[in-house]
Amino acid sequence: MQYRRLGRTGLQLSALSFGAWVTFGRQIGRSEAREIMALAWDRGINFFDNAETYNHGEAERLMGDVLADLRFSRDSYCVSSKVYFGSAEKPRPTQRGLSRKHVIEACHQALERLRVGHLDLYFCHRPDPETPIEETVAAMDTLIRQGKVLYWGTSEWPAAAIHEAHRVAQAMHMYAPVVEQPQYNLLHRERVEQEYAPLYASYGMGTTIWSPLASGLLSGKYNQGIPDGSRLTQPGYEWLRDMVLGEGGERVEKVKRLPAIAAEIGATPAQLAIAWCLANPNVSTVMLGASRKDQLEHNLEALELLPRFDLALKERIEQALA
Ligand code: NDP
C-alpha cells in the first residue's frame, strides 16, 4: 500500500480506501462486511468512509460492529461520517442540515453507531443554504475542541463556499476545513481538476474522492446490460440508473473503448480507471466500494499500474473518451 498526506495535514491515509455506500446494511450483511474489511485491513487500507444517511444509519451500525469484532487498534485506522441528509427515513426539520443542533447531534449518533470515541474525519455532506456558514464552522470547531472530531471537511461544496468557510474560520480563529470529498472518475472531472484547482495551493486542501468506477460502470459490467444483483438493480436507487448509464446509454458506449487500452498494460478497465484517479497528485485517497471480496482484491491491484501511467497513456485514454 502507498500512503499519502491528506492535503497539508500530517494525516497519512492509504492511497486506496474503502466506503460503505449502498453495500453496507443493504447488499451485504455482517459476515461479508467482515471479510471485506479484514481484507482491506490486511492490504494496508487505513481509512473507512461512512455517512449518517447510508441506509439510514445501518451502514454505520454494521461498520461499527465489524470494527469492534475485528479489534483493529483504534490508533491504526481512520473512520469518517458525514452530516446533512439525516439518518431518519423522513427527517424532521431538526434532523437534517448543517445547523449547530444537527451537526452536533449527528456526530453523537455516528459515534454511537460506529462504536468509537471520535471521528477522524467529519464531512458536511452538501452545503446548507438554510444555515449561516458561521454557525456550521463554529459547530465543527466545537467538536474538534471537544476531541470528538479530528479533522473536518466538505463534500461537493462549490469552491466559493469553501473559500467562504476559510474566511469565516480565519476571522473567528476557528478550525477550517482541510478536506473535500468530491466525485472523481474518468467521466466526471471538472470540479476536481478545474473548479478546485486554486484551493490545493491556497489551503493545502486534501481530497477523498468517490465513485472512481462511476458506481461500477467503468469496470465494463454494464456493457451488455444490467446484471442481476448489481448496484443499478437495487430498489430505491432507480434515480442512479440514468445518471450512471447516461441518456440513451451514451456513457456505456464510451466505456466500451477502454478494454483495448487497459489490455495494452495488462490491466482490466476497472484497474485502469482506478489507477487513473491515483495518478492525479491532488487526490489524497481513492475511496473504493465493493459488494464482494473479489472485487476489492481485483481493484487493489490498480496500485501496481501507477508507475506505468505516463503522459502518452493518459492522452490515449482522453482521446478514447473524448
Ligand atoms: P465505485 O464507483 O468504485 O463503485 C463501487 C461499486 O462498483 C461496487 O459496490 C460494486 O457494485 C461495483 N464494483 C466494484 N468493483 C468492481 C469490479 N472490479 N467489477 C465489477 N463491479 C465492481 O465506488 P462508490 O460509488 O461505491 O464510491 C466509493 C465510496 O465513496 C462510497 O462507498 C462512499 O463511502 C463514498 N461516496 C461518497 C459520496 C458523497 O456524496 N460524499 C457519494 C457516493 C459515494 P455492485 O457489485 O453492487 O454492482
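Quick caveat, the model's predicted, so the values are computed rather than measured.

*Asks:* Looking at this model, I keep getting lost on the overall build of the chain. Mind explaining?
*Replies:* Scanning the chain from N- to C-terminus turns up 13 helices and 10 strands. Whereas a compact globule of 322 residues would reach a radius of gyration of roughly 20 Å, the chain reaches 19 Å, a difference of no more than 12%. In terms of overall dimensions, the chain has C-alpha extents of about 55 × 45 × 40 Å along its principal axes. Considering only contacts within the chain whose residues lie at least 6 apart along the sequence, 78% involve residues at least 24 apart. With 36 positive and 39 negative side-chain charges, the chain shows a separation of 2 Å between the mean positions of the two kinds.

*Asks:* Honestly, the pattern of salt bridges in this entry has me stumped. Any pointers?
*Replies:* Where side chains of opposite charge bring their charged atoms close, a pairing between them can arise. All chains considered together, the criterion is met by 19 salt bridges. Among the ionic pairs, E318 bridges to R189, the shortest N-O distance being 2.7 Å. Taken together, the positions of E318 in helix α13 (residues 311-321) and R189 in the loop between β8 (179-180) and α6 (190-195) put the pair 129 residues apart, joining distant regions of the chain. For E318, a relative accessible area of 40% puts it in the partly exposed group. With a relative accessible area of 24%, R189 lands in the partly exposed category. Linked by salt bridges that have partners in common, R30, R34, D65, D69 and R115 make up one network.

*Asks:* Where do I start with helix α4 (residues 133-145) in this structure?
*Replies:* Each α-helix winds once per 3.6 residues, and so residues spaced three or four apart point in a common direction. Between its first and last C-alpha, α4 extends 18 Å over 13 residues, near the 18 Å set by a 1.5 Å rise per residue. Among all positions of α4, only I133, T136, V137, A138, A139, M140, D141, L143 and I144 are buried. Remark: G147 follows α4 within two positions and exhibits a positive phi of approximately 80 degrees.

*Asks:* What is the right way to read the packing of aromatic side chains from this model?
*Replies:* Counting across every chain of the model gives 10 aromatic pairs. Both rings, one in W21 and one in Y237, keep their centres 6.1 Å apart while their planes meet at 70 degrees; by these two values the pair is edge-to-face. Of this pair, W21 sits in the loop between β3 (16-19) and α1 (30-42) while Y237 sits in the loop between β9 (206-209) and α8 (238-245), and the two are 216 residues apart along the sequence. With a centroid separation of 6.4 Å and 65 degrees between ring planes, the pair formed by F48 and Y77 is classed as edge-to-face. You can see F48 sitting in strand β4 (residues 47-49) and its partner Y77 sitting in the loop between α2 (58-70) and β5 (78-83), a full 29 residues away along the chain. Each member of the pair, F48 as well as Y77, carries the same accessibility label: buried.

*Asks:* Whenever I open this one, the site of the ligand confuses me. Can you help?
*Replies:* Taken together, 32 residues lie near the ligand, and Q27, D49, S211, K221 and S291 sit nearest. In this structure, an oxygen atom belonging to the ligand sits 2.7 Å away from a side-chain N or O atom of Q27. Contact distances for the ligand include 2.9 Å between an oxygen atom and a backbone N or O atom of S215. In the complex, 95% of the free accessible area of the ligand, which totals 910 Å², lies under the protein chains. Elements with a contribution of two residues or more to the shell around the ligand: β10 (285-288) and α12 (293-300).

*Asks:* Looking at this model, I keep getting lost on the side chain of T136. Mind explaining?
*Replies:* Looking at the secondary structure, you find T136 in helix α4. Among residues more than four places away in sequence, those in contact with T136 are L98, C124 and T131.

*Asks:* What exactly am I supposed to notice about the environment of W152 here?
*Replies:* By secondary structure assignment, the location of W152 is in strand β7 (residues 149-154). Taking relative accessible area as the criterion, W152 reaches 0% and is therefore assigned buried. Along the backbone, W152 and C124 are 28 residues apart, and their C-alpha atoms lie at a distance of 8.0 Å. Excluding residues that lie within four positions of it along the chain, W152 makes contacts with Y122, C124, V137, M140, I144, A165, Y175, A176, P177, V178 and V179. A distance of 3.0 Å separates the side chain of W152 from the backbone oxygen of Y175, its partner in a polar contact.

*Asks:* Just checking my understanding: could you explain the sheet that holds β4 for this structure?
*Replies:* Strand pairing within a sheet occurs via backbone hydrogen bonds; the two strands may be parallel or antiparallel. Ordered in space as β3-β4-β5-β6-β7-β8-β9-β10, the 8 strands form a closed barrel in which the pairing is parallel. Here helix α11 (residues 269-278) sits on the sheet and contacts β3, β9 and β10; the angle it forms with β10, its principal contact strand, is near 150 degrees.

*Asks:* Sorry, what's going on with the UniProt feature "domain: NADP-dependent oxidoreductase" (unreviewed entry) in the chain here?
*Replies:* This chain's UniProt record puts "domain: NADP-dependent oxidoreductase" (unreviewed entry) on residues 16-305. Between the end C-alpha atoms of residues 16-305 the distance is 13 Å, and the span holds 41% helix and 12% strand.

*Asks:* How should I be thinking about the nonpolar core in this particular structure?
*Replies:* In this structure, F24, F48, Y122, L296 and I317 are the most contacted members of the largest nonpolar core, which totals 103 residues. Residue contributions to this core peak at 8 residues, all from α11. When sequence neighbours within four positions are dropped, the list of residues in contact with I317 reads L186, L258, I261, L272, W276 and F309. Judged by nonpolar contacts, the second largest core, of 11 residues, contains L6, F47, W210 and M287.

Procedures and definitions
- Residues numbered from 1 in each chain as written.
- Predicted model: local features only at pLDDT ≥ 70, side-chain atom pairs only at ≥ 80, totals over all residues.
- Heavy atoms only, no water.
- Helix = DSSP H or I, 4+ residues; strand = E, 2+ residues; numbered from the N terminus.
- Rg over C-alpha atoms; globule rule 2.2 N^0.38 Å.
- Contact = heavy atoms within 4.5 Å.
- Lys, Arg positive; Asp, Glu negative; His and termini not counted.
- Charge placed at Lys NZ, Arg CZ, Asp CG, Glu CD.
- Salt bridge = Lys/Arg side-chain N within 4 Å of Asp/Glu carboxyl O.
- Buried < 20%, exposed > 50% of the residue type's maximum accessible area, 1.4 Å probe, protein only.
- Expected span 1.5 Å × (residues − 1).
- Phe/Tyr/Trp six-rings, centres within 6.5 Å; stacked < 30°, edge-to-face > 60°.
- Near = heavy atom within 4 Å.
- Polar contact = N/O pair within 3.5 Å; in protein donor to acceptor, adjacent residues only side chain to side chain.
- Areas by Shrake-Rupley, 256 points an atom, 1.4 Å probe, with all protein chains shown as cover.
- Pairing = 2+ DSSP bridges.
- Axes fitted to C-alpha atoms, helices over the stretch in contact; angles between N-to-C directions.
- UniProt positions renumbered as here; feature names shortened; annotations may be inferred.
- Core = buried A, V, L, I, M, F, W, Y, C linked by side-chain atoms within 4.5 Å.

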